[in-house]
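# Descriptive structure summary
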Amino acid sequence: MRMPSLKPVVWIGPARRELRSLPDEVQDRIGYALYLVQTGDKPRNAKPLRRFGPGVLELIEDQDRDTYRAVYTVRFAEAVYVLHAFQKKSTKGIATPKHTLDLIDERLKEAKARHAERSRREGPGHE
């Protein structure tokens, strides 16, 4: 059996530390979902974050009446960029708090800059 080709995961800012701060079972499920993303699959618990346009998704995990999310982008062909991981604590239903959306926006800009730098280093023909 042939192993699938895996895209690398690039952690933006403290996203890896944020994920590691979540409960172990949540880390495991999000980690497996990110593995599926690396292989080119879309996990069932992935939902688009429409505010950011195509290619930005969130993984949603529920455990013990709490909700956890990890946000990533597949907008850039060479890697999966993980932008943020957090426990959802909104007091306004399912809406993600504005400060969290602003943080994701900042990290998406950083991912775009890192992608551009990587493309410059690798030269023409790389996305």
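As a starting point, this report considers the structure included with it.

Here is what the cut-offs are and how they apply
Residue indices begin from 1 for each chain and proceed along its sequence in written order. Local features in this predicted model are restricted to residues whose pLDDT is 70 or higher, and side-chain atom pairs enter the listing and the counts only when it is 80 or higher, whereas totals over whole chains, interfaces and linings include all residues. Hydrogens and waters are ignored; side-chain quantities use all the structure's heavy atoms. Remark: nonpolar core denotes a set of buried residues (Ala, Val, Leu, Ile, Met, Phe, Trp, Tyr, Cys) joined through side-chain atoms within 4.5 Å. Burial classes: relative accessible area under 20% of the type maximum marks a residue as buried, over 50% as exposed, and values in between as partly exposed (1.4 Å probe, protein chains only). Only DSSP runs of H or I reaching four residues or more are called helices, and only runs of E reaching two or more are called strands; each is numbered from the N terminus. Only heavy atoms matter for contacts: two residues are in contact if any of them lie within 4.5 Å across the pair. Given the number of residues in a helix, its expected span is that number minus one, multiplied by 1.5 Å. Here a salt bridge means any side-chain nitrogen of Lys or Arg lying within 4 Å of a carboxyl oxygen belonging to Asp or Glu.

### Quick look at the nonpolar core
Counting residues in hydrophobic clusters, the biggest one holds 17 residues, and the most contacted among them are Leu 22, Ile 30, Leu 34, Leu 59 and Tyr 72. At the level of elements, α1 (15–20), α2 (24–38), β3 (56–63), β4 (66–73) and β5 (80–88) are the ones that each hand at least two residues to this core. Among the elements that take part in this core, α2 stands out by supplying 5 residues, more than any other. Contacts of Leu 34, omitting those with residues within four sequence positions, involve Trp 11, Leu 59, Tyr 72 and Val 82. Within the second largest apolar cluster, 15 residues are counted, among which are Val 10, Leu 49, Leu 83 and Ile 104.

### A closer look at α2
Because each turn of an α-helix spans 3.6 residues, side chains separated by three or four positions in sequence point in the same direction. Here α2 contains 15 residues, and its C-alpha end-to-end distance of 21 Å stays within 8% of the 21 Å for a straight helix at 1.5 Å per residue. Taken together, the buried positions of α2 are occupied by Val 26, Gln 27, Ile 30, Ala 33, Leu 34, Leu 36, Val 37 and Gln 38. Buried positions along α2 lie against β1 (9–11), α1, β3, β4 and β5. Looking one or two residues beyond α2, the residue adopting positive phi is Gly 40, at roughly 100°.

### As for the pattern of salt bridges
In the structure shown here, the tally under the stated rule is 10 salt bridges. Put simply, Glu 18 and Arg 107 hold a salt bridge, and the shortest N to O gap is 2.9 Å. Placement of Glu 18 in helix α1 and of Arg 107 in helix α3 (residues 98–122) is noted, with a sequence separation of 89 residues between them. In this structure, Arg 114 and Glu 110 form a salt bridge, with 3.9 Å as the shortest nitrogen-oxygen distance. Of this pair, Arg 114 and Glu 110 both sit in helix α3, 4 residues apart, roughly one helical turn. A network of salt bridges, in which partner residues are shared, links Glu 25, Arg 29 and Glu 61.

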